[in-house]
Amino acid sequence: MSEVLSYGFIQHAILAGIMASVVCGVIGPFIVARRMVFISGGLSHTAFGGLGIAYWLGIHPLLGATVFVLAAAVLIARIHEKNLNQNDLAIGILWAVGVAIGIIFIHLTPGYAPDLMTFLFGNILTVSPGDLLVTLLLVLTVTATVVVLYRGFVAVALDEEYAKARRLPVASLKMGLMVLTALSIVTLIQVVGILLVIALLTIPVAIASELTRDFRRIMLLSILCGIFTCLAGLLVSYVAELPSGASIILCGGALLGLVRIGNRLFAGRKSPPPTLRQ
Amino acid sequence: MEPLIAIEHLTYGYEQRAVVEDVSLRIVPEDFILLIGPNGGGKTTLLKLILGIISPWSGTIRFRGDAEGRLGYVPQFANFNRTFPISVLDMVLTGCLNRENYYLSRRRNADREKAAATLAKLGLIERQGSNISDLSGGQLQRVLIARALVSDPLILFLDEPTTSMDASSQSGLLELIDSLRAHMAIVVVTHDPTPYAHRYDHIACLNRELHYHRRGELDSPTLEKVYGCPVEILGHGIPHTLLPRHARRGDRP
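Being a predicted model, the structure only gives us computed values, none of them experimental.

A. Quick look at the confidence of the model for chain B. Residue and element names in this part refer to chain B. With 83% of its residues at a pLDDT of 70 or more, chain B has an overall mean of 81. This model gives residues 219-241 a pLDDT under 50, and the stretch forms 38 contacts once residues within four places in sequence are excluded. Across the assembled chains, the prediction reports ipTM 0.82 with pTM 0.85.

Below, the structure written as structure tokens:
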């Protein structure tokens, strides 16, 4: 086993998994509480359109994806703010159109065509030191922003109308949360893929919500569950020679199932259902 | 007396239809206003306009210099989304937030003591560590009241506070309101004014347009009748009612 850990690419994968878990554990509880999971799915698939155009133009993929995701995030936030009841519709359309743009432009790009599966599942085993550095910057940005604006974000997630009545800058806070989500998604899909980002934003939060009902502890436990899931998934992937991203996701799903069953068996009889589950 | 809030010609609606039209209202210190009207008449909408949750199509809301940041709001507890994982004490502490202190996570001990004292006053101190999803409806409402009171409001707005409440919780709430009257103006939104018949100073009837009555318009013998037939108070101009018919829109000066 120690021999496995001496491989550089395994070390990079572990570091990437830990950092992705920190980002998702910090931002995921807000996304779940504000019912933004579908929005996150839409944003991450919109990013795919930006990636495709970036490949076609020959610029850095991160640049294209960032522009696309931020534009989509601002658009969704504005539609949400105007109460047009079209949020759901807009996200679905952005989702599909984003992927379609990506596929068309990657098809049009001459020469090397990146494997589409890489964007869906990522390849955590091929993470470069450059990717790690960008991810570290993301970890610092997201964590610092949430630490500074924690009370505002909680107030908005808890009761948006009351936050408005208290004259908090609700629209800016919502936009801030959306932009953080977008930045996290865009960075992490380079590292772990679209599906793993969504999995890390939701599964650890669901596990943590089974175990505690304090928001700060949910954040902390989400980080720990994410890290555990990534490490377990990498191990399974290595031992059974299975794709790494999918292994991590299934490990998370299995852990969630076990925790829920354990909760029902040992403590679940009298306690009401945990709060973040919908 | 300078009003805490002066509302002039306020209009707001959804899509093309006005829900609140040309509403003017003044709230003075220690006023007790009953805002009544049929369901869908715009009561909650008017409250949200005053609180700044939504912006009017036209019209103005002016606050006395110190009053803007000091509005307490108790929403309808039945509609409150309780899925957010937060303790009773932390929930009450969110009532201390304002546009100066929502960033950085330091929390003042003074706020914490104030929140605990407010919870104690409302008989909820032993539940301060509970999660809000574990509370009964009545307890949740008292937490919402505590959240509104913790910031020392000059005006307290309560939206349908006695709806779907049993008699003993209702009398507890009314006693609480009585104890607050000396300290703040109170606006109660209700479709059933009966429990407040002995308490109010002004009554505002809102059904898109607002009509305003002083207490004197309901003398004490007729108040007895209000208890007997609470629905009648809304039936302006119909025989055997307590208030005269409102002027039509065109008749008003």
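B. Spotlight on the sheet that holds strand β1 (residues 5-14) of chain B. Residue and element names in this part refer to chain B. Strand order in the open sheet formed by 3 strands is β2-β1-β4, with antiparallel pairing between adjacent strands. Among the strands making up the open sheet, the edge pair consists of β2 (17-27) and β4 (58-63). Averaged over neighbouring strand pairs, the angle between their axes works out to 25 degrees when direction is ignored. In this structure, β1 lies alongside β2, joined through 7 bridges in antiparallel fashion. Bridging from a neighbouring strand, isoleucine 5 pairs with isoleucine 27 of β2. Helix α1 (residues 43-51) rests against β1, β2 and β4 of the sheet, and its axis sits at about 125 degrees to β1.

C. Highlighting the sheet that holds strand β9 (residues 209-214) of chain B. All names here are of chain B. The sheet built from 6 strands is open, its strands ordered β5-β6-β7-β3-β8-β9 with mixed pairing. Every other strand in the sheet has two partners, leaving β5 (71-74) and β9 as the edge strands with one partner each. With strand direction ignored, the average angle separating the axes of adjacent strands in the sheet is 15 degrees. With 5 bridges joining them, strand β3 (residues 32-36) and strand β7 (residues 185-190) adopt parallel strand pairing.

Criteria and thresholds
Along each chain, the written sequence defines residue order, and numbers are assigned to residues from 1. Here chains are named by letter from A upward and ligands by number from 1 upward, in the order in which they appear as written. A pLDDT threshold of at least 70 governs which residues receive local features in this predicted model, and a stricter bar of 80 or more applies before side-chain atom pairs are shown or counted, although totals over entire chains, interfaces and linings include all residues. Based on all heavy atoms of the structure, the side-chain values leave hydrogens and waters out of the count. Scored from 0 to 100, pLDDT reflects the predictor's confidence in each residue. The contact criterion used is simple: two residues touch if any of their non-hydrogen atoms lie within 4.5 Å. By this definition, two strands are paired if DSSP reports at least two bridges between them. The numbering of helices and of strands both runs from the N terminus, where a helix is a DSSP run of H or I of at least 4 residues and a strand a run of E of at least 2. With axes taken as lines fitted to C-alpha atoms, and helix axes fitted only over the stretch in contact, angles between N-to-C directions fall between 0 and 180 degrees.

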